[in-house]
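# Architecture and fold: a report
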Amino acid sequence: QVQLVESGGGLVQPGGSLRLSCAASGSIFSFYNMNWYRQAPGKQRELVATITSGGSANYADFVKGRFTISRDNAKKTVCLQMNSLKPEDTAVYYCNARRFSVSSWGQGTQVTVSS
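Residues numbered from 1 in each chain as written. Predicted model: local features only at pLDDT ≥ 70, side-chain atom pairs only at ≥ 80, totals over all residues. Heavy atoms only, no water.

## Some points on the overall build of the protein
A tally of helices and strands in the protein yields zero helices and eleven strands. In terms of C-alpha radius of gyration, the protein reaches 13 Å, essentially the compact-globule figure of 13 Å for 115 residues. When the 115 residues of the protein are sorted by exposure, 39% land in the buried category. Intrachain contacts of the protein at a sequence separation of at least 6 include 53% that bridge at least 24 residues. Surface exposure of the protein reaches about 5,900 Å², of which carbon and sulfur atoms provide 49%. (Helix = DSSP H or I, 4+ residues; strand = E, 2+ residues; numbered from the N terminus. Rg over C-alpha atoms; globule rule 2.2 N^0.38 Å. Buried < 20%, exposed > 50% of the residue type's maximum accessible area, 1.4 Å probe, protein only. Contact = heavy atoms within 4.5 Å. Areas by Shrake-Rupley, 256 points an atom, 1.4 Å probe, with all protein chains shown as cover.)

Structure, rendered in structure tokens:
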């Protein structure tokens with residue numbers, strides 16, 4: 001199983017950018033599909049972006065054109081570049097690794113978009 005640690009969250013003004021990183025350890029990272037989820041207060045956790053083991057990326061409609069997911073298998077990292085941030089992007093962002101029935105989560109990193 002893989003262990004995950006997120007970093008890069010913080011406070012940013014509307015229209016600004018942040019880059020989240022997720023560092024993995026403990027297993028063969030390249031085999032895993034990697035996901036970013038987010039959870040806002042009082043709301044369910046929702047899928048933001050996915051990058052497969054083969055490098056194909058998919059995005060939720062609410063972030064298309066603003067967020068970019070990428071991975072570096074040699075460094076065992078997955079990143080989420082977030083541009084044109086909106087107040088509604090405020091949430092705790094979680095990194096997730098999934099392969100078949102195995103799923104691992106990071107501890108989350110807070111992103112707050114506010115003026």
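## Focus on the nonpolar core
Buried together is how nonpolar side chains tend to be arranged in soluble globular proteins. Membership of the largest hydrophobic core comes to 29 residues, with the highest contact counts inside it found for Met-34, Trp-36, Val-78, Leu-80, Met-82 and Tyr-93. At the level of elements, β3 (18-25), β4 (33-39), β5 (46-51), β7 (67-72), β8 (77-82), β9 (91-99) and β11 (109-113) are the ones that each hand at least two residues to this core. Among all residues touching Met-82, those that are not within four sequence positions of it are Gly-16, Ser-17, Leu-18, Leu-20, Arg-66, Phe-67, Tyr-93 and Val-111. (Core = buried A, V, L, I, M, F, W, Y, C linked by side-chain atoms within 4.5 Å.)

## Observations regarding the pattern of salt bridges
Within the structure shown, the criterion is met by four salt bridges. For Asp-89, the salt bridge goes to Arg-38, with nearest N and O atoms at 2.9 Å. Here Asp-89, found in the loop between β8 and β9, pairs with Arg-38, found in strand β4; they are 51 residues apart in sequence, far enough to count as distant. Each member of the pair, Asp-89 as well as Arg-38, carries the same accessibility label: buried. One salt bridge connects Asp-89 with Arg-66, and the closest N-O pair in it is separated by 2.7 Å. Here Asp-89, found in the loop between β8 and β9, pairs with Arg-66, found in the loop between β6 (57-59) and β7; they are 23 residues apart in sequence, far enough to count as distant. Of the two residues, Asp-89 and Arg-66, neither departs from the other in class, the shared state being buried. (Salt bridge = Lys/Arg side-chain N within 4 Å of Asp/Glu carboxyl O.)

## Quick word on unusual backbone geometry
Phi angles above zero are rare outside glycine, and Lys-76 is one such case at about 55°. A relative accessible area of 31% places Lys-76 in the partly exposed class. Even without being glycine, Phe-100 reaches a positive phi, approximately 55°. Relative to the helices and strands, Phe-100 resides in the loop between β9 and β10 (102-105).

## A look at the sheet that holds β7
On the basis of which strands lie adjacent, the open sheet formed by four strands has the order β1-β3-β8-β7 and antiparallel pairing. The open sheet is flanked by β1 (3-7) and β7, the only strands paired with a single partner. The average angle at which neighbouring strand axes cross in this sheet is 15°, direction not considered. Where β7 and β8 come together, six bridges link them in antiparallel fashion. Within β8, the position partnered with Asp-72 by the bridge is Thr-77. (Pairing = 2+ DSSP bridges. Axes fitted to C-alpha atoms, helices over the stretch in contact; angles between N-to-C directions.)

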